[in-house]
Amino acid sequence: MGGLLPRLLLRLLSEGKQDSGASEPQASVLGPACRMPGRPPPGSLSDLLQSSVAGQDTGAEAAAARRRRPGATSVLLFPGQGSQRVGMGRGLLRSLSARGLFARAREVLGYDLLSLCLQGPQTELDRTVHCQPAVFVSSLAAVEKLSHQWPDVIENCVAAAGFSVGEFAALVFAGALDFEEALYAVKVRAEAMQQASEAVPSGMLSIIGQPKSDFKVACIEAREHCRSLGVEDPVCEVANYLFPDSRVIAGHLQALKFLEENSRKYYFARTKMLPVSGAFHTRLMESAIEPLAKVLKSVEIRKPLINVYSNVDGKKYIHSKCIKHLLVKQLVSPVKWEQTMHEIYERTKRTEFPFTYEVGPGKQLGTMLRNCNLKAWRAYKHIEVSEDEEVEEA
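Definitions and cut-offs
- Residues numbered from 1 in each chain as written.
- Predicted model: local features only at pLDDT ≥ 70, side-chain atom pairs only at ≥ 80, totals over all residues.
- Heavy atoms only, no water.
- Pairing = 2+ DSSP bridges.
- Helix = DSSP H or I, 4+ residues; strand = E, 2+ residues; numbered from the N terminus.
- Contact = heavy atoms within 4.5 Å.
- Axes fitted to C-alpha atoms, helices over the stretch in contact; angles between N-to-C directions.
- Polar contact = N/O pair within 3.5 Å; in protein donor to acceptor, adjacent residues only side chain to side chain.
- Core = buried A, V, L, I, M, F, W, Y, C linked by side-chain atoms within 4.5 Å.
- Buried < 20%, exposed > 50% of the residue type's maximum accessible area, 1.4 Å probe, protein only.
- Domains from an automatic or database assignment.
- Lys, Arg positive; Asp, Glu negative; His and termini not counted.
- Salt bridge = Lys/Arg side-chain N within 4 Å of Asp/Glu carboxyl O.

Asker: What should I look at first to understand the sheet that holds strand β3 (residues 202-208) in this one?
Answerer: Where strands meet in a sheet, backbone hydrogen bonds hold them as pairs that are either parallel or antiparallel. An order of β6-β3-β5-β4-β8 is seen for the 5 strands of this open sheet, with the pairing classed as mixed. Here the strands that pair on one side only, and so sit at the sheet edges, are β6 (270-273) and β8 (335-336). By the bridge criterion, 7 bridges tie β3 to strand β5 (residues 246-252) in an arrangement that is antiparallel. Residue pairing in the sheet places Ile-207 in a bridge with Arg-247 of β5. On top of the sheet, helix α11 (residues 215-228) reaches β3, β4 (236-243) and β5; it is set at about 150° to β4, its chief contact. Of the strands in this sheet, β4, β5 and β8 are in contact with helix α15 (residues 337-345), which crosses β4 at around 30°.

Listed below in structure tokens is the structure:
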């Protein structure tokens with residue numbers, strides 16, 4: 001990425017110049033795929049960008065990027081399934097462009113996602129087929145809200161990462177995927193994962209451990225317990241690396257129950273079943289691979305315009321061709337979030353940290369960041385999606 005603005009925003013500036021007479025009360029930062037039919041390209045954002053890059057050429061932008069202080073940059077984090085709650089979206093209704101995303105989502109999904117987010121019921125919102133699209137759209141709508149509150153955060157964004165389904169949102173924000181195509185892929189992904197979950201009674205157990213916790217041995221013994229109960233080819237393995245000594249283990253429900261009942265033996269400080277319907281990011285999701293791979297074949301994927309990090313290995317994407325492969329592999333691979341946080345925030349001594357914004361429901365990623373890197377967390381802020389800050393302050 002070069003210049004004081006991500007190339008994503010420079011592309012939007014170019015689009016705005018193509019229709020300089022158009023105006024829009026609130027411009028979308030997510031590009032033309034997210035605009036409502038019949039609406040002109042954004043004007044106000046173009047004006048902002050025009051003033052920001054006036055007089056710069058490619059060489060000047062590169063030089064400015066080298067001079068920019070890390071403390072003047074930003075990172076966006078997108079949450080995943082499990083962060084959903086009834087009422088999310090209420091804090092986004094003031095943004096016309098955010099409401100526009102929900103309108104487009106209704107066309108792609110065939111049902112009123114905003115109504116489900118606002119009114120529930122929670123049991124329906126918690127279903128995989130609903131909560132993944134809900135978290136995806138709410139998170140990108142939060143980006144729209146952020147862009148109107150603090151446009152400089154978007155202009156100076158250098159990296160993005162998303163947890164599980166949040167990775168799709170991060171890739172949309174970074175210009176690698178179009179909103180509607182990504183949402184359709186998320187829809188297919190959620191339906192396939194829901195079907196896989198219903199095939200085997202399974203779930204996910206969040207564990208806060210201690211330095212002496214042995215997750216590997218715990219999983220081995222939980223699988224042995226399942227075999228003693230007659231479960232064939234049991235699954236019990238780490239599905240998420242959250243932060244030091246904290247993991248999510250997924251697999252057959254009998255295995256997870258065994259771990260809860262024997263938590264003291266393995267030096268687990270706390271265990272909690274997650275509100276998800278299956279053992280995501282394990283081989284129990286293998287049946288979801290083909291449907292997702294098939295839909296991604298028809299999706300155009302571009303190289304991200306800012307750094308986006310893969311859940312599979314915690315590294316930033318280098319080539320667009322890797323994105324399809326790793327998004328599919330992510331279904332049956334553990335989410336290496338702890339490793340991703342280290343990759344994003346590792347820096348030499350006395351180097352400033354970027355501002356970090358969690359965009360979407362919940363503050364779980366902020367909690368994980370605090371436990372991974374306290375100094376980075378001190379520059380963290382959550383963009384509320386459930387309540388309007390102006391109403392709260394009143």
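Additional details are given in the paragraphs that follow.
Asker: For this particular structure, what's the right way to read the environment of Asn-311?
Answerer: Along the polypeptide, Asn-311 turns up in the loop between β7 (307-309) and α14 (320-329). Separated by 20 residues in the primary sequence, Asn-311 and Leu-331 have C-alpha atoms spaced 10.0 Å apart. Not counting residues within four places of it along the chain, the set of residues in contact with Asn-311 comprises Gly-162, Phe-163, Ser-164, Glu-167, Gln-330, Pro-334, Val-335, Lys-336 and Trp-337. A distance of 3.2 Å separates polar atoms of two side chains, one belonging to Asn-311 and the other to Gln-330.

Asker: In this structure, what is going on with the nonpolar core? I would like to understand it.
Answerer: Across soluble globular proteins, nonpolar side chains show a tendency to be buried alongside one another. Of all hydrophobic cores here, the largest spans 96 residues; its most connected members are Leu-76, Phe-78, Phe-136 and Phe-173. Split by domain, the residues of this core number at least three in each of domain 1 (71-198 + 282-383) and domain 2 (200-274). Residue contacts for Phe-136: discarding those within four places in its chain leaves Phe-168, Ala-169, Val-172, Phe-179, Ala-182, Leu-183 and Val-186. With 17 residues, the next largest nonpolar core counts Ile-207, Cys-219, Val-231 and Phe-258 among its residues.

Asker: What exactly am I supposed to notice about the side chain of Glu-358 here?
Answerer: Secondary-structure assignment places Glu-358 in strand β9 (residues 355-359). There is no salt bridge for the buried Glu-358, and the closest opposite charge comes from Lys-363, which lies 8.4 Å off by N-O distance. Here Gly-366 takes part through its backbone nitrogen, which lies 2.9 Å from a polar atom of the side chain of Glu-358. In terms of polar contacts, Glu-358 uses its side chain to reach the side chain of Tyr-380, at 2.6 Å. In this structure, Glu-358 is in contact with Leu-77, Pro-79, Lys-363, Gln-364, Leu-365, Gly-366, Tyr-380, Lys-381, His-382 and Ile-383, ignoring residues within four places of it in sequence.

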